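Fold and contact review
Now for the letters of each chain:
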Amino acid sequence: MNTSASVSRSGAASMAQIALFAALMAVLGLIPKIDLPMGVPITAQSLGVMLAGVLLGPRRGFQAIALFLTAVAIGLPLLSGGRGGLGVFLAPSAGYLIGYAPAALITGLFMYWLPQRTPMRIAGSALVASLMGGLIALHAMGVAGLMFMAQLTFKQAFFATLAFVPGDVIKCVLCAIIAHSIARGMPDWHFGGRRD
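Our subject in this report is the structure included herewith. (Residues numbered from 1 in each chain as written. Predicted model: local features only at pLDDT ≥ 70, side-chain atom pairs only at ≥ 80, totals over all residues. Heavy atoms only, no water.)

1. Quick word on the packing of aromatic side chains
Under the counting rule described, the total for this entry stands at four aromatic pairs. With centroids separated by 5.5 Å and ring planes inclined at 55 degrees, the aromatic side chains of Y96 and F164 adopt a geometry described as tilted. One end of the pair, Y96, is in helix α4 (residues 94-113); the other, F164, is in the loop between α6 (154-161) and α7 (165-185), and 68 residues separate them in sequence. Each of the two residues, Y96 as well as F164, counts as buried. Ring centres 5.8 Å apart and planes at 70 degrees place the aromatic pair F110 and W113 in the edge-to-face group. Linking F110 with W113, this pair stays in helix α4, spanning three residues, or about one helical turn. For W113, a relative accessible area of 57% corresponds to the exposed category. (Phe/Tyr/Trp six-rings, centres within 6.5 Å; stacked < 30°, edge-to-face > 60°. Helix = DSSP H or I, 4+ residues; strand = E, 2+ residues; numbered from the N terminus. Buried < 20%, exposed > 50% of the residue type's maximum accessible area, 1.4 Å probe, protein only.)

2. Description of the environment of I106
Here I106 lies in helix α4. The class of I106 is partly exposed, set by a relative accessible area of 25%. For the pair I106 and A176, spaced 70 residues apart in sequence, the C-alpha separation works out to 16 Å. Filtering out sequence-adjacent residues up to four positions away, I106 remains in contact with M132, G133 and A137. (Contact = heavy atoms within 4.5 Å.)

3. Details of the pattern of salt bridges
Scanning the model with the defined rule gives two salt bridges in all. K33 serves as the salt-bridge partner of D35, at 2.6 Å between the closest nitrogen and oxygen. By relative accessible area, which is 53% here, D35 ends up exposed. For K33, a relative accessible area of 25% corresponds to the partly exposed category. For K171, the salt bridge is made with D168, and the minimal N-O distance between the two is 3.0 Å. Taken together, the positions of K171 and D168, both in helix α7 and three residues apart, correspond to about one turn of that helix. Of the two residues, K171 and D168, neither departs from the other in class, the shared state being buried. (Salt bridge = Lys/Arg side-chain N within 4 Å of Asp/Glu carboxyl O.)

4. Here's the deal with empty space enclosed by the protein
Across all of its chains, the model carries one cavity of 30 Å³ or more by this definition. In this structure, the largest cavity occupies an estimated 180 Å³ of space. Residue lining of the largest cavity: 16 residues in total, with V40, P41, T43, Y96 and Y100 positioned closest to the centre. At the level of secondary structure, the elements contributing two or more residues to the lining of the largest cavity comprise α2 (45-56), α4, α5 (119-149) and α7. No other element matches α4, which puts three residues into the lining of the largest cavity. Looking at the lining of the largest cavity residue by residue, the class counts come to eight nonpolar, five polar and three charged. (1 Å grid on protein atoms, 1.4 Å probe; cavity = no way out; pocket = protein on both sides within 12 Å on 5 of 7 lines; lining within 4 Å. Points joined across faces, edges and corners; volume = space filled by probe spheres on them. Nonpolar A, V, L, I, M, F, W, Y, C, P; charged D, E, K, R; others polar.)

Okay, here's the thing in structure tokens:
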């Protein structure tokens, strides 16, 4: 057995998955955003963050979202509403954007640690992982961004971010449903990057 060829194929597969999820983030950006008065829009792209962590694991999930954000930073209009460039990282929504990659990493870590014996267990684990990384961690970074970029107090920023919670809970449920479907259709998928 050629070990180097096996490692090479594994590395190529990892790179393809990273690129695929960066592209998925761009596709989710095509869904129209809903603008809110505080300057932070409601978008579908946080679902991509959750899926990256659940399906790719912490390391590759982080890399996929970091690749997407790099493309945004160099000016590609990949964010919802056709936004891109360094200016988006100076807007009130900057905390959420900067938090995308760490949120994918945290989601992936929880998915790695949680039980995965059956499709239903995988769905439950995906729901918990998405809530921890894609909701709690991401919103914590969003609150910090609102305090720093929009000069809001902690209380103002906290209550402002609550507007996103109902929609993000729905995204967590969607992530769990997608993970359940993949677990049933592709039983060899390594959720959270696990190889056991």
